[in-house]
Amino acid sequence: MKRMMMATLLIALVMAPIGVASGANKQIQFPSWMWGEAGTGDWFKDGVALYESQNPGVKVVPALVPAGQYEEKLLIDMAGGGAPDLAPVFTNMMPKLMRMGLLEPLDDYLAKADWKSNLLPVQKVAQYNGKTYGVVLTASPNGLIYNKKLLDKAGVAVPTTPEEMLVAARKVKQATGAFGYGFATRTADVLEAYIPLMQWAIGFGGDFSKDGVPTANDPKTIEGLEFLKRFFDEGLTPKGLDGPMLRKMFVEEKIAMLIDGPWAITYVKEAAPDLYEYVGFAAPPTPTHAAITGGAFYTIPVRAKHKQEAFALLSVYNQPEWQSRWLEDLLQIPGQNAEISPKLAKEHPWIEGMVDVAAKYPAGFGYSAPGFEEYAGEVQRMVVDGIANVWGGRTTVEAAMTDVQQRMVKWAATLKR
């Protein structure tokens, strides 16, 4: 009975319009997929407590919406009558929301903010037609995450080039029996399967589009994917798995290397604390070292009822002490440049590598093809459909990407720009 009541409550929470609330003089509607996350949820809740203590009569109303349902639900509520007041959004959502006119311009608010000049360069993603519609919340990069114990057993150093990584993966497999490098090949999960393709395409200087022009058959894109395929063909990566499955195998020391975000290391810290001290973070060992970056932004919907109060809450989270806490407590990159304390560097040696990678090699913001940001899902689906034939042994990388290019060109011609 209790489980049924909890399930009913969760369904009601997800399906109810975000903008409905009652009680205080002013109520700030604040939905997020992060309210239920360990650490992250606490960070947000503590900020709310501080804000409410400083603003009597104002109540912040959180709404937990699962990540997989968040984009669709928020879009419906923003376009309808239930728009929230403060809404974090995934980076890939920004172009569509800006184009549709669903977000409030924040330039006048930011003009008075003493922290605006410290925002990360990815802030440019929130700009459209000369106006700013969001504030970067977090922008943690993907990097080479490695198990130093397994590399040491194989007698190899942390790789810095594709060739070194391939050799290291071979030696790890030979010396330890573990897979040298794990990347997602479960094509039923489109985003998880797309991310490594993006890592290696951009890592070799290519991409699947440029300025809204399809480039799936760019020689550099093909070269990067062909190199990635060598790990697959030699049995150096598990096959048919997605990101969460690979992280679990990394924790179990069945995989020596991943190209993933810092959340994978946080998972190690929680699930295998004895392994934590042996885990490192370095730049992806591709020619460009491109560090694919997802992240999120704060936004205020154009139909929000309490915009000034929402920006005031947003400003609490952007104070230096809160930005430092995001880095130190969550071990992820906050929206602003934050210094690493000596204590943090000593307790978590890998974090200096992450900050260095984030500063030098950020790329692929929001996992979107350049010029098709608002159609990210469609591009991802076409590319993953093409690579599925490669993983299935039915075609070559070059033939698959040529086919994807043709499909993308026909599809792009139907878009209204």
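Residues numbered from 1 in each chain as written. Predicted model: local features only at pLDDT ≥ 70, side-chain atom pairs only at ≥ 80, totals over all residues. Heavy atoms only, no water.

Visitor: Got a minute to help me understand the overall build of the protein in this structure?
Guide: Looking only at helices and strands, the protein has 18 helices and 15 strands in total. In terms of overall dimensions, the protein is globule-like: its C-alpha atoms have a radius of gyration of 22 Å, near the 22 Å expected for 417 residues. If you line up the protein on its principal axes, its C-alpha atoms span 65 × 55 × 50 Å. Out of the 417 residues in the protein, the part that is buried amounts to 54%. Residue pairs at least 24 apart in sequence account for 74% of intrachain contacts in the protein once pairs closer than 6 positions are excluded. (Helix = DSSP H or I, 4+ residues; strand = E, 2+ residues; numbered from the N terminus. Rg over C-alpha atoms; globule rule 2.2 N^0.38 Å. Buried < 20%, exposed > 50% of the residue type's maximum accessible area, 1.4 Å probe, protein only. Contact = heavy atoms within 4.5 Å.)

Visitor: Sorry if this is basic, but what is going on with the nonpolar core here?
Guide: Note on soluble globular proteins: their nonpolar side chains tend to be buried together. Judged by nonpolar contacts, the single largest core of 80 residues is most densely connected at Phe44, Met94, Tyr298 and Tyr317. Among the elements that take part in this core, helix 13 (residues 307-317) stands out by supplying 6 residues, more than any other. In this structure, phenylalanine 44 is in contact with Phe30, Met34, Trp35, Leu137, Tyr298, Tyr317 and Trp326, ignoring residues within four places of it in sequence. One finds Ala169, Ala193, Phe208 and Leu236 within the second-largest nonpolar core, a separate group that totals 59 residues. (Core = buried A, V, L, I, M, F, W, Y, C linked by side-chain atoms within 4.5 Å.)

Visitor: Would you mind showing me how to read the packing of aromatic side chains here?
Guide: Remark: the centre distance and the inter-plane angle together describe each pair of aromatic rings, the angle taken between the planes. Taken as a whole, this structure holds 31 aromatic pairs when the rule is applied. Each ring, one from tryptophan 43 and one from phenylalanine 44, has its centre 4.9 Å from the other, and the planes form 90 degrees; the classification is edge-to-face. Assigned by exposure class, tryptophan 43 and phenylalanine 44 land together as buried. Grouping aromatic residues by their ring pairs yields a cluster made of Phe30, Trp35, Trp43, Phe44, Tyr298, Tyr317, Trp322 and Trp326. Stacked on the ring of phenylalanine 227, the Lys or Arg arginine 230 has its end atom at 5.0 Å from the ring centre. Here the guanidinium or amino end of lysine 269 rests over the ring plane of tyrosine 276, the centre of that ring lying 5.9 Å away. (Phe/Tyr/Trp six-rings, centres within 6.5 Å; stacked < 30°, edge-to-face > 60°. Lys NZ or Arg CZ within 6 Å of the ring centre and 35° of its normal.)

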